[in-house]
Amino acid sequence: MNVKSPTHKTLKRLIPPLTVWAIGKILETPSVKGSVMELDGIAYKKRHEAAKSIKRGVKNARSNSSWVAAGAAAIVIGIGLMTKATRK
């Protein structure tokens, strides 16, 4: 029979809120705040660069639509030839 003591139950209930409180206090320290802001800035910059790159790719694809169509056709033909080659 596995009977838990009242102290054990109380400790199990207190640990999660205490952990959240402690992590909150750590995140509020100036050095951690600065590091988090720096990481946020890096993440924002990378996201901005990725969005810019996608826009540039779409612009390039629109201006070279014939090449995009030829490339897509080549891929489809290549897949078809590989499928044909794998059949007996």
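Calculation rules
- Residues numbered from 1 in each chain as written.
- Predicted model: local features only at pLDDT ≥ 70, side-chain atom pairs only at ≥ 80, totals over all residues.
- Heavy atoms only, no water.
- Helix = DSSP H or I, 4+ residues; strand = E, 2+ residues; numbered from the N terminus.
- Areas by Shrake-Rupley, 256 points an atom, 1.4 Å probe, with all protein chains shown as cover.
- Lys, Arg positive; Asp, Glu negative; His and termini not counted.
- Charge placed at Lys NZ, Arg CZ, Asp CG, Glu CD.
- pLDDT = per-residue confidence, 0-100.

### Looking at the overall build of the protein chain
Here is step 1 of the chain: Secondary structure summary: the protein chain contains three helices and zero strands in total.
Here is step 2 of the chain: The order of helices and strands in the protein chain, counted from the N terminus, is α-α-α.
Here is step 3 of the chain: Projected onto its principal axes, the C-alpha positions of the protein chain cover 70 × 45 × 15 Å.
Here is step 4 of the chain: With the model as given, the accessible surface of the protein chain reaches about 8300 Å², and the carbon-plus-sulfur share is 68%.
Here is step 5 of the chain: For the protein chain, the distance from the average site of its 17 positive side-chain charges to the average site of its 4 negative ones is 17 Å.

### Some remarks on the confidence of the model for the protein chain
Should pLDDT be low for a region, the predicted coordinates there are not to be read in detail.
Here is step 1 of the chain: When the pLDDT values of the protein chain are averaged, the result is 92; 97% of them are 70 or greater.
Here is step 2 of the chain: Ranking the helices and strands of the protein chain by mean pLDDT puts helix α3 (residues 65-86) first, with 95, and helix α1 (residues 6-27) last, with 90.

### Some words on the environment of Ser 66
Here is step 1 of the chain: As for its position among the elements, Ser 66 is in helix α3.
Here is step 2 of the chain: Once the C-alpha coordinates of Ser 66 and Ser 53 are considered, the two residues, 13 residues apart in sequence, prove to be 21 Å apart.

### Focus: the environment of Ala 50
Here is step 1 of the chain: With respect to the helices, strands and loops of the structure, Ala 50 is situated in helix α2 (residues 30-63).
Here is step 2 of the chain: Sequence separation between Ala 50 and Lys 12 is 38 residues, and the spatial gap between their C-alpha atoms is 44 Å.

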